[in-house]
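Below, each chain spelled out in residue letters.
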Amino acid sequence: MASVLRFRKLCFLEPAKCSSYDEKIKKTDKQQLFETHKIAGKNYESANVSVLEEKPNKQHQRRPTKEWKCIDSCCWTIGLLCTLWWLLLFLYHCLPANLPGLQPPEPPGARLKRSGVTALHPVVMVPGIVTGGLELWEGRPCSDGLFRQRLWGGSFTEIFKRPMCWLEHLSLDNETGLDPPGIRVRAVPGLVAADYFAPGYFVWAILIENLARIGYEGKNMYMAAYDWRLSFQNTETRDQTLSRLKSKIELMYATNSYKKVVVVPHSMGVLYFLHFMKWVEAPPPMGGGGGPDWCAKHIKSIMNIGPAFLGVPKAVGNILSAESKDVAFIRAMAPGLLDSEILGLQTLEHVMRVSRTWDSIISLVPKGGETIWGSLDWSPEEDHVCDSAMHRQFDMKGNDTDRRRGFQVQESTKYGRIVSFGKPASEVHSSEFPSLRSQKQGSLHNATPPPVASCGKVWTEYDDLSRETISKISENKAYTANTLLDLLRTIAPKMMRRAEAHFSHGIADDLDDMKYNDYKYWSNPLETKLPEAPDMEIYCLYGVGIPTERSYVYKESQPGRCKSIPLQIDSSADGNKNGCLKGGVYFVDGDESVPVLSAGFMCAKGWRGKTRFNPSGIATYVREYKHKAPANLLEGRGLESGAHVDIMGNVALIEDVLRVAAGASGVELGGDKIYSDIMKMSEKIKVRL
């Protein structure tokens with residue numbers, strides 16, 4: 001509040017006059033005084049002298065009226081809002097806790113404890129990408145005073161104090177994918193590594209608190225923090241993270257009465273732990289040497305939250321143009337905010353330069369090719385309808401499923417085109433592409449745009465490409481999961497050259513082929529086998545009911561002095577038959593980050609029963625959580641949220657995790673709990689099992 005008042009005080013330094021009210025007041029007073037002297041028979045000169053003589057006295061008698069400035073309205077509004085907010089907080093903490101309407105919901109851990117649920121199996125949590133904290137251990141001279149201070153996670157104050165230094169220290173070496181010379185940034189250890197992403201923004205904190213309510217503490221609960229920027233195998237090469245995780249699980253198993261561990265990975269953490277299970281059983285030096293029965297001996301269940309098993313299309317937008325739906329919206333509403341020619345901010349160029357040194361992003365590129373994600377004219381989600389008005393129309397007709405399916409097939413969306421150049425290319429049949437290409441070639445022949453150029457020292461891999469190359473990319477009109485990899489190799493050659501030595505995105509023909517013993521295949525569930533552990537259970541826990549990015553409409557951006565990113569999401573592309581295209585992005589059902597297809601397919605079909613990907617028949621369960629927005633402020637980000645991160649505070653999900661940690665099985669939880677069309681989509685995918 002004090003800072004707000006000081007800001008208001010500074011507002012008077014540059015007055016912005018809104019009216020001439022005070023000038024009118026002064027003029028009226030002077031006229032009245034002149035009339036008084038005229039009536040008394042005095043001439044104008046004496047009246048003028050009297051005015052001059054009486055003016056100082058009048059100033060002492062009455063305080064002059066201050067001008068009301070336009071900026072005062074803003075300051076008073078901000079001050080009023082802050083005052084009301086602090087007043088409400090004060091009243092909330094001062095009023096009795098048992099006052100009706102002010103009681104927060106009872107934590108699920110407290111409720112389960114009363115019913116007799118107590119800690120049994122040790123719990124290991126594996127965070128996903130960007131949610132884990134990173135701290136500085138060695139840096140350049142610009143980082144003085146930041147030893148063991150968080151560069152990522154926490155308050156993020158260094159972004160404003162020394163932004164270029166901050167970006168330099170978060171980057172990895174563009175050739176090796178490891179530390180640049182003279183810089184060491186490491187993962188923050190312990191539960192604090194990912195309990196909160198920023199002050200007040202929880203990730204794992206709510207789950208940790210509820211685990212503690214049924215008896216968990218440091219000896220039977222562990223956060224497997226790792227440097228999420230690195231490729232998974234490089235976390236072992238540089239930090240021995242996989243070896244330390246193996247030792248920690250063995251220790252928790254031995255010191256907790258030989259109870260198997262329950263592992264809870266989130267987001268990209270599910271891929272990291274999938275890699276770990278292959279690594280731990282593989283022989284050294286590539287693997288951990290635990291032997292083929294290590295997982296069966298030490299792991300009870302794997303409860304994957306928001307799993308990105310088959311990748312996320314958002315990763316494609318990040319690599320192509322450092323964009324997602326939110327960034328594209330900001331560029332549409334305020335074009336100069338991110339890429340101003342005048343200010344020369346080059347925000348997206350900086351983001352692209354740094355993020356393209358993070359090999360882990362390639363692990364999130366869609367896996368399985370057209371078999372999983374669809375072709376130019378087919379996709380598993382082609383029947384999906386986004387427009388709520390259409391859903392209401394069908395509900396009025398009695399929820400006739402067959403009628404709905406018939407309508408949706410007629411108006412199917414071509415989601416298999418993950419990237420399309422122009423809205424027509426995302427809608428027409430692929431047979432019409434030659435005519436679209438000829439139109440594009442004609443327009444390019446008439447106007448040759450200047451080469452890509454950037455200002456300052458912000459280099460991206462686009463600077464090595466000519467404008468003609470970019471034009472040829474857009475002439476191809478549409479890219480599926482198969483051709484997308486070739487596109488990425490063209491626009492990000494260094495990144496793909498590094499990362500493809502650590503990750504693969506196909507479907508295995510023969511899993512007994514010796515080549516699949518290489519670690520590059522271990523994080524792809526379609527190119528690796530689950531361990532021989534028939535008593536283990538695997539859960540896919542994720543939110544549904546939120547529009548989630550699935551494919552994009554792109555365009556060539558206008559050349560500019562400060563623009564070295566020649567492609568951008570076409571935010572003007574809006575409105576298709578099913579209502580799924582908004583701001584250049586096609587949406588499907590999911591948790592806002594991971595589509596249902598990626599989160600649920602492996603548990604619904606790929607690993608269901610004994611398959612070549614699951615030779616021992618490990619039991620799998622799909623448990624979905626339908627999104628419900630918070631009803632009031634006391635619910636925070638929502639007690640029934642299905643959003644990708646907010647789901648970590650979902651009461652039903654927390655209860656499921658706590659019950660399994662306390663010894664329950666998937667059957668005791670109730671088996672599958674499905675709201676989406678994941679089963680129908682899985683039936684459409686023809687993959688050999």
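Scroll up to find the structure this text is about.
What you see is a predicted model, and the numbers here were worked out from it, not measured in a lab.

K.L.:
Which residues make up the state of the cysteines, and what values go with them?
P.N.:
Joining two cysteines, a disulfide is a covalent bond between their sulfur atoms. Enumeration according to the criterion identifies two disulfides in this entry. With a sulfur-sulfur separation of 2.1 Å, Cys142 is cross-linked through a disulfide to Cys165. Where Cys142 bonds to Cys165 through sulfur, the torsion about that S-S bond is close to 80°, and the disulfide is right-handed. Taken as a pair, Cys142 in the loop between β2 (134–138) and β3 (150–152) and Cys165 in helix α7 (residues 163–170) lie far apart in primary sequence, 23 residues in all. The class for Cys165 is buried, based on a relative accessible area of 8%. Bridging Cys540 to Cys603, the disulfide has an S-S length of 2.1 Å. Torsion about the S-S bond of the Cys540 and Cys603 cystine: about 75°, corresponding to right-handed handedness. Taken as a pair, Cys540 in strand β12 (residues 537–544) and Cys603 in helix α25 (residues 596–606) lie far apart in primary sequence, 63 residues in all.

K.L.:
Mind laying out the sheet that holds strand β9 (residues 299–305), listing which residues take part and the relevant values?
P.N.:
Ordered by their spatial adjacency, six strands build an open sheet running β7-β1-β8-β9-β12-β17, and the pairing between neighbours is parallel. The two strands at the open ends of the sheet, each matched to only one other strand, are β7 (221–223) and β17 (619–626). Strand-to-strand, the axes of this sheet are offset by a mean angle of 15°, without reference to chain direction. Contacting β1 (123–126), β7 and β8 (261–265), helix α8 (residues 205–213) crosses the sheet at an angle of about 165° to β7.

K.L.:
Could you give me a rundown of a nonpolar patch on the surface, with the residues and numbers involved?
P.N.:
A contiguous nonpolar surface patch, about 390 Å² in accessible area, is contributed by Leu80, Leu84, Leu87 and Phe90. By the secondary structure assignment, Leu87 is in helix α4 (residues 70–94).

K.L.:
Any chance you could break down the pairing of β2 for me, citing the residues and the numbers?
P.N.:
As defined by bridge partners, β2 adjoins β3 across two bridges and the pair is classed as antiparallel. Across the sheet, the residue bridging to Leu134 is Trp152, located in β3. In the sheet, β2 pairs with strand β4 (residues 184–187) via four bridges, with the strands oriented antiparallel. If you follow Glu135 over to β4, its bridge partner there is Arg186.

K.L.:
Before we move on, could you go through the environment of Val188 and cite the residues and values that matter?
P.N.:
Note on placement: Val188 falls in the loop between β4 and β5 (196–198). For Val188, a relative accessible area of 5% corresponds to the buried category. Each C-alpha atom of the pair Val188 and Asp227 lies 8.6 Å from the other, and the pair is 39 residues apart in sequence. Setting aside chain neighbours within four positions, we find Val188 in contact with Gly133, Leu134, Glu135, Arg150, Ala193 and Ala225.

K.L.:
How would you explain the packing of aromatic side chains if you had to name every residue and give the values?
P.N.:
All told, the structure shown has 24 aromatic pairs when counted by the stated rule. On the numbers, 6.4 Å between centres and 70° between planes, the contact of Phe197 with Tyr201 is edge-to-face. In this structure Phe197 comes out as partly exposed when scored by relative accessible area, which is 21%. Judged by centre distance (5.4 Å) and plane angle (90°), the rings of Phe232 and Tyr272 are edge-to-face. Here the residue Phe232 occupies a position in helix α9 (residues 232–239), and Tyr272 occupies one in helix α11 (residues 269–281), the gap between them amounting to 40 residues. Residue class for Phe232 comes out buried when judged on its relative accessible area of 1%.

K.L.:
Describe the pattern of salt bridges, naming the residues involved and giving the relevant values.
P.N.:
One pass over the structure, following the stated rule, counts 30 salt bridges. Here Asp656 and Arg623 are joined by a salt bridge, their closest N and O atoms 2.9 Å apart. Within this pair, whereas Asp656 is found in helix α26 (residues 651–661), its partner Arg623 is found in strand β17, the two being separated by 33 residues in sequence. Both residues of the pair, Asp656 and Arg623, belong to the buried class. Connected through salt bridges with shared partners, the residues Asp179, Arg186, Asp227, Arg229, Arg238 and Asp239 form a single ionic network.

K.L.:
How would you summarise the packing of helix α13 (residues 314–321) against helix α23 (residues 481–491) if you had to cite specific residues and measurements?
P.N.:
Close contact between α13 and α23 brings their axes to 10 Å; oriented N to C, the two are set at 25°. In this view, α13 runs roughly parallel relative to α23, as classed from their interaxial angle. Crossing hand, α13 versus α23: left-handed. Facing Val316, Ile319 and Leu320 of α13, the residues of α23 in contact are Leu484, Leu487, Leu488 and Ile491. Of the residues belonging to the contact of α13 with α23, the class tally is seven nonpolar, no polar and no charged.

Reading the values: rules and limits
- Residues numbered from 1 in each chain as written.
- Predicted model: local features only at pLDDT ≥ 70, side-chain atom pairs only at ≥ 80, totals over all residues.
- Heavy atoms only, no water.
- Disulfide = S-S within 2.5 Å.
- Helix = DSSP H or I, 4+ residues; strand = E, 2+ residues; numbered from the N terminus.
- Buried < 20%, exposed > 50% of the residue type's maximum accessible area, 1.4 Å probe, protein only.
- Pairing = 2+ DSSP bridges.
- Axes fitted to C-alpha atoms, helices over the stretch in contact; angles between N-to-C directions.
- Contact = heavy atoms within 4.5 Å.
- Patch = residues over 30% accessible without salt bridge, like charges linked within 9 Å, V, L, I, M, F, W, Y side chains within 5 Å.
- Areas by Shrake-Rupley, 256 points an atom, 1.4 Å probe, with all protein chains shown as cover.
- Salt bridge = Lys/Arg side-chain N within 4 Å of Asp/Glu carboxyl O.
- Phe/Tyr/Trp six-rings, centres within 6.5 Å; stacked < 30°, edge-to-face > 60°.
- Parallel < 35°, antiparallel > 145°, perpendicular 65-115°, else oblique.
- Left-handed = near helix turned anticlockwise from the far one by under 90°.
- Nonpolar A, V, L, I, M, F, W, Y, C, P; charged D, E, K, R; others polar.

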